[in-house]
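# Fold and geometry: a report
The residues making up each chain are set out below.
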Number of protein chains: 2
Amino acid sequence: LAAEGATVAGSGLATLQYVHEPGVTDLTWGHPDPTLLPVDEVAAAAETMLHEQGWKALTYGFAAGPAVMTEALIAHLPTIGERPPRPDELVVTSGNSSALSMLFSLFSRPGDVVLVEAPTYFLALRIIADHPVTVVGVRTDSEGIIPAALAEAAGRTVANRGHRFVYCVPTHNNPTGATASPARRIALADVAAKHGLTIIEDDVYREVSWHDRPGAGLAPSIWSLCDGGEVVRLGSFSKTLGPGLRVGYLTAPTAMAGSIVDSGVLDSGGGVNHFTACIVGTMIADGSYVRVRDALVASYADRSQALCRGLATGDRLRFASPGGGYFVWAELPGGLSSAEFVGQARAAGVACTDGRVFFPETADSSPHTAPGAHVRLSFSLYPADDLAAAGRTLAAVADRLVVA
Amino acid sequence: LAAEGATVAGSGLATLQYVHEPGVTDLTWGHPDPTLLPVDEVAAAAETMLHEQGWKALTYGFAAGPAVMTEALIAHLPTIGERPPRPDELVVTSGNSSALSMLFSLFSRPGDVVLVEAPTYFLALRIIADHPVTVVGVRTDSEGIIPAALAEAAGRTVANRGHRFVYCVPTHNNPTGATASPARRIALADVAAKHGLTIIEDDVYREVSWHDRPGAGLAPSIWSLCDGGEVVRLGSFSKTLGPGLRVGYLTAPTAMAGSIVDSGVLDSGGGVNHFTACIVGTMIADGSYVRVRDALVASYADRSQALCRGLATGDRLRFASPGGGYFVWAELPGGLSSAEFVGQARAAGVACTDGRVFFPETADSSPHTAPGAHVRLSFSLYPADDLAAAGRTLAAVADRLVVA
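Report on the accompanying structure. (Residues numbered from 1 in each chain as written. Chains lettered and ligands numbered in written order. Predicted model: local features only at pLDDT ≥ 70, side-chain atom pairs only at ≥ 80, totals over all residues. Heavy atoms only, no water.)

## A few points about the pairing of strand 4 (residues 134-141) of chain A
All names here are of chain A. As defined by bridge partners, strand 3 (residues 113-118) adjoins strand 4 across 6 bridges and the pair is classed as parallel. Each bridged residue has a counterpart across the sheet, and for leucine 115 the counterpart in strand 4 is valine 136. Each parallel crossover has a hand, and the one from strand 3 via helix 4 (residues 122-129) to strand 4 is right-handed. Connecting strand 4 to the next strand, strand 5 (residues 144-145), in antiparallel fashion are 2 residues. (Pairing = 2+ DSSP bridges. Helix = DSSP H or I, 4+ residues; strand = E, 2+ residues; numbered from the N terminus. Right-handed = clockwise from strand over helix to strand, strands pointing away.)

This is the structure:
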């Protein structure tokens, strides 16, 4: 991995987003371990797909996504605890980042308000910032957004015209790992309906779940629970198959899905990622997707537990062992700044992400989420032994800083 | 082809954008003939690419595009008469439609003005309409936008704040087939520079060229001719390899390319179409792309000539035999409305596109481009014999309508 993150001979060209930092176990990247990526399975699926679809995989695709993908998705979603969408509720996307950007491009107008969890996925904040909207942070607890805080924030922003959105990651949250119960999801949807908010539910980690499993204990999405509500659910294959494929999907109210399908960019270019959607649809339909996903989830469960075992060798860091997702959200000892901890951890050979980057600038603070008190640790990229060692290092750094 | 355009058993699901209309030779689609799509070559390239790149093709890609693609492009562009971009001037895109939408998402602000050719690519008008900008049509002649008309339109819109864009297709224009000379291109760039306009040069048909060839008589792009100017050139593999791959690229001033690479959506999701860009880069590097392109261009040249031979069996339609691109732009006899001609042609079994859809609502009219006087005929989708027959039918319809 090390050599691969470098640019090509200093040319400014590169193959990967990942950049290697020598001598550091870098827990800042929410990237899959290269050894888990299903190269052989994708190669086989590409061959099968091109044999079956032929030229149809190479020409302009249906705007909502190719039938090989949409049919497979409609059959797959109930297996992960989701309500199967009607065809006019489903659109294939090129991943959740792209879908999020597309939603704001098509549906937001200048001055619109986007309510987000504080803390929230920091790169979603960057995507949102590329649109002329106003971000407002909302307080969270161990289940994510607090409904009363959402109502209060909605009330404060009522003077704004146009759409108001709520962006949230209610399942295996990035960065906190929190998962909302069904009751919490319904309460959020009720507040959203009362205040005319559109919920954008980023459900990228639903299938990366090992404690409660989708369809077996894990809460269904807000979209599934609230049939008819103004909820868009974003699903992805980036975390369970490979982010380089750039394939996801969204389920949305019919009117909204229809507006996306009828947008200029899809009318002109056809479905956003026709060829790779044909590959992923083939893998869902022939069962190879679920096999790849299950192996990968088992590995992430091991890695998560290894990191947590390492962290638990000290007694100063507070964290919940995640039931899914890519991240541990660790609370630092009182009085210790995240900046100092991150600096000392890096000096000890472990990079982690300062919790402050996940808070929008305008966020309310709260005891649970006060900026400066947390770090995010990704366990997706390294083998379990490396993660256990990194956890021990971080525990020792926390102990040492508190003692000092 | 016929059966493939239908939805799946009336379910609302489908594979293709194309919709078949029984009994009609449909010259409205700018889609490649299925028999020309390089299924075997793409299958071989996917296999080779996954063998060479392995997991690197499946993880988050470098924001500007993977090195296998960017290195190949930098070597390829001089072979088509283009200035090779520096690495910081080049960004891989998921096709020109997507790139156009992304440019307006990132760089336009409400009230910005977009100056377009009248006539222009009608679906570009739809993409632009999804952004809160104002479209202004500019008069054209046989080389595209008239520089004096551009200056005049720029002068009229000078009160607007923010960016002002010029969107144009100066090479094998859609719909007119017009190609600007080097002198015209430089004159347009000079007007743009004087008035602070950013040119968006949609160069999708550059490599679909059989009269003057790229690098051998065909004018270089405005971007290549005007090093340092505020010009973004959009290049694509949709017309020469397969639109379902959704792979293109743009060359732009360093600051603009840097802003795209640093955008939230690329920071979060990585390169926009990493996997298929790796395939296309592999095909450029190993020569299979150029072989596919050359065979396809030879076929389009035949088809274009077949259509023109058919059209020339009457003497009422005026048209130039195209030197490239996908379209013939036929001028109807004086006094004949395009709506009536389109209706009568359809009744005779040939569908064509009413020239009025290519004119923005606010366009100035001019003798060359007066709305209502033209139809656009695509020769990309059908074999030469069908096109010759369709041309004869259209010629006969024109003769009959004029005589009547």
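## Quick notes on the packing of aromatic side chains
Evaluated as defined, the whole model comprises 24 aromatic pairs over all chains. Considering the side-chain rings of tryptophan 210 of chain B and phenylalanine 379 of chain B, the 5.9 Å spacing of their centres and the 65° angle between planes classify their relative orientation as edge-to-face. Taken together, the residues tryptophan 210 of chain B in the loop between strand 7 (197-202) and strand 8 (213-214) and phenylalanine 379 of chain B in the loop between strand 15 (374-378) and helix 13 (384-403) connect sequence positions 169 residues apart. Among the aromatic side chains, those forming a connected cluster through ring pairs are Tyr121, Phe122, Trp329 and Phe358 of chain A. (Phe/Tyr/Trp six-rings, centres within 6.5 Å; stacked < 30°, edge-to-face > 60°.)

## Focus on the side chain of serine 101 of chain A
As for its placement among the helices and strands, serine 101 of chain A is situated in helix 3 (residues 96-107). Among the residues examined, serine 101 of chain A registers a relative accessible area of 14% and is labelled buried. In this structure, serine 101 of chain A is in contact with Ile127 and His131 of chain A together with Val265 of chain B, ignoring residues within four places of it in sequence. (Buried < 20%, exposed > 50% of the residue type's maximum accessible area, 1.4 Å probe, protein only. Contact = heavy atoms within 4.5 Å.)

## A word on the interface of chain B and chain A
Taken residue by residue, the interface counts 72 residues in chain B and 72 residues in chain A. Both faces considered, chain B and chain A share a buried interface measuring about 6300 Å² in area, 63% of it formed by carbon and sulfur atoms. Taken as a group, Trp55, Leu58 and Tyr60 of chain B account for 13% of the area that chain B buries against chain A, more than any other trio of residues on that side. The tally of links between chain B and chain A comes to 4 salt bridges. A salt bridge links aspartate 262 of chain B to arginine 126 of chain A, with the nearest nitrogen and oxygen atoms 3.6 Å apart. Between the two partners, chain B and chain A, sit 32 residue pairs in polar contact (both at pLDDT 80 or more). Contributions of two or more residues to the side of chain B that touches chain A are made by helix 1 (39-53), helix 2 (67-76), helix 3 (96-107), helix 4 (122-129), helix 9 (264-269) and helix 10 (274-285) of chain B. With 6 residues, helix 9 of chain B is the single largest residue contributor to the side of chain B that touches chain A. (Buried area = accessible area lost by both parts, 1.4 Å probe. Salt bridge = Lys/Arg side-chain N within 4 Å of Asp/Glu carboxyl O. Polar contact = N/O pair within 3.5 Å; in protein donor to acceptor, adjacent residues only side chain to side chain.)

## Side note on the sheet that holds strand 12 (residues 327-331) of chain A
All names here are of chain A. As summarised here, the arrangement of the 3 strands in space is 12-15-14, forming an open sheet in which the pairing is antiparallel. Every interior strand has two partners, whereas the edge strands, strand 12 and strand 14 (353-354), have only one. Two strands pair when backbone bridges link them, and strand 14 and strand 15 (residues 374-378) are joined in this way by 2 bridges, in the antiparallel orientation. Across the sheet, the residue bridging to threonine 353 is arginine 376, located in strand 15.

## Let's talk about the pattern of salt bridges
Pairing between side chains of opposite charge can happen when the charged atoms of each approach one another. Within this structure, the stated rule accounts for 42 salt bridges over all chains. Note that glutamate 152 of chain B is salt-bridged to arginine 156 of chain B, the shortest N-O span being 3.1 Å. Here glutamate 152 of chain B and its partner arginine 156 of chain B are both found in helix 5 (residues 147-156), 4 residues apart, which amounts to about one turn of the helix. One salt-bridge network, in which partners are shared between bridges, spans Arg83, Arg86, Asp88, Glu89 and Asp227 of chain A.

## Notes on the sheet that holds strand 11 (residues 248-251) of chain B
Residue and element names in this part refer to chain B. One open sheet accounts for 8 strands, arranged 2-11-10-7-6-3-4-5; its pairing is mixed. Each edge of the open sheet carries a strand with a single partner, namely strand 2 (90-93) and strand 5 (144-145). As paired strands, strand 6 (residues 164-168) and strand 7 are joined by 5 bridges and run parallel to one another. If you follow arginine 164 over to strand 7, its bridge partner there is leucine 197. Sitting on the sheet, helix 8 (residues 254-261) is in contact with strand 2, strand 7, strand 10 (231-236) and strand 11, with an inclination near 45° to strand 2. (Axes fitted to C-alpha atoms, helices over the stretch in contact; angles between N-to-C directions.)

## Observations concerning helix 6 (residues 182-195) of chain A
Residues three or four positions apart in an α-helix share a direction because the helix packs 3.6 residues into each turn. All names here are of chain A. In a regular helix each residue adds 1.5 Å, so 14 residues correspond to 20 Å; helix 6 covers 20 Å between its end C-alpha atoms and thus fits that length. Within helix 6 the residues assigned to the buried category are Arg184, Arg185, Leu188, Ala189, Val191 and Ala192. Each buried residue of helix 6 sits inside an arc of 160° when the element is viewed along its axis, so together they form one side. Away from the buried face of helix 6 by more than 90 degrees, exposed residues Ala183, Asp190, Ala193 and Lys194 are located. On the buried face of helix 6, the contacting elements are strand 4, strand 5, helix 5 (147-156), strand 7 (197-202) and helix 7 (222-225). Remark: glycine 196 follows helix 6 within two positions and exhibits a positive phi of approximately 70°. (Expected span 1.5 Å × (residues − 1). Arc of directions from axis to C-beta.)

## Let's talk about the side chain of glutamine 53 of chain B
Note that glutamine 53 of chain B resides in helix 1. By relative accessible area, which is 13% here, glutamine 53 of chain B ends up buried. Non-local contacts of glutamine 53 of chain B, meaning those with residues more than four positions away in its chain, are made with Thr15 of chain A together with Val68 of chain B.

## Considerations on the relation of the copies chain B and chain A
Laying chain B over chain A is done by rotating through 180° and shifting 0.0 Å along the axis; what remains is an RMSD of 0.0 Å. Accordingly, the operation relating the two chain copies is best matched by a two-fold axis. Considering only C-alpha atoms, the part of chain B nearest the rotation axis is serine 105 of chain B, at 3.1 Å. A symmetric contact is evident, with 100% of the interface residues of chain B recurring at the interface of chain A. (Least-squares fit on C-alpha atoms with pLDDT ≥ 70 in both.)

## Describing the nonpolar core
Phe275 and Phe341 of chain A together with Phe275 and Phe341 of chain B are the most contacted members of the largest nonpolar core, which totals 206 residues. Apart from residues no more than four positions distant in its own chain, phenylalanine 275 of chain A is found in contact with Met49, Leu50, Ala57 and Leu58 of chain A together with Val42, Gly244, Leu245, Phe275, Thr276 and Ile279 of chain B. Leu115, Ile145, Leu150 and Ala153 of chain A belong to the second largest nonpolar core, which has 22 residues in total. (Core = buried A, V, L, I, M, F, W, Y, C linked by side-chain atoms within 4.5 Å.)

## Some points on the state of the cysteines
Disulfides are covalent bonds that link the sulfur atoms of two cysteine residues. Residues and elements named next belong to chain A. Tallied over the full model, the rule gives 0 disulfides over all chains. Cysteine cysteine 168 is unpaired, with the sulfur of cysteine 226 as its nearest cysteine sulfur at 11 Å. When its relative accessible area of 2% is taken as the criterion, cysteine 168 is described as buried. Its sulfur unpaired, cysteine 352 is 14 Å from the next cysteine sulfur, which belongs to cysteine 308. Residue classification places cysteine 352 among the buried positions, given a relative accessible area of 4%. (Disulfide = S-S within 2.5 Å.)

## Topic: the pairing of strand 7 of chain A
Residues and elements named next belong to chain A. With respect to burial, strand 7 is a largely interior element, 6 of its 6 residues being buried. Burial along strand 7 is two-sided: the residues Leu197, Ile199 and Glu201 and Thr198, Ile200 and Asp202 are all buried. Each parallel crossover has a hand, and the one from strand 6 (residues 164-168) via helix 6 to strand 7 is right-handed. Of the pairings in the sheet, the one linking strand 7 to strand 10 (residues 231-236) comprises 4 bridges and is parallel in character. Each bridged residue has a counterpart across the sheet, and for isoleucine 200 the counterpart in strand 10 is valine 232.

## Concerning unusual backbone geometry
In this model, alanine 118 of chain B is joined to proline 119 of chain B through a cis peptide bond whose omega is 10°. Note on placement: proline 119 of chain B falls in the loop between strand 3 (113-118) and helix 4.

## What to know about the environment of serine 94 of chain A
All names here are of chain A. Residue position: serine 94 is located in the loop between strand 2 (90-93) and helix 3. Separated by 47 residues in the primary sequence, serine 94 and aspartate 141 have C-alpha atoms spaced 31 Å apart. Ignoring sequence-local partners within four residues, the contact set of serine 94 consists of Arg246, Val247, Gly248, Val272 and Asn273.

## What about the packing of helix 1 of chain B against helix 10 of chain B?
All names here are of chain B. Where helix 1 meets helix 10, the closest approach of the two axes is 9 Å, and the angle between their N-to-C directions is 105°. The angle between helix 1 and helix 10 falls in the class roughly perpendicular. Between helix 1 and helix 10, the residues in contact are Glu41, Val42, Ala45, Ala46, Thr48, Met49 and Leu50 and Phe275, Cys278, Ile279, Thr282 and Met283, respectively. Of the residues assigned to the contact of helix 1 with helix 10, the class counts are 9 nonpolar, 2 polar and 1 charged. (Parallel < 35°, antiparallel > 145°, perpendicular 65-115°, else oblique. Nonpolar A, V, L, I, M, F, W, Y, C, P; charged D, E, K, R; others polar.)

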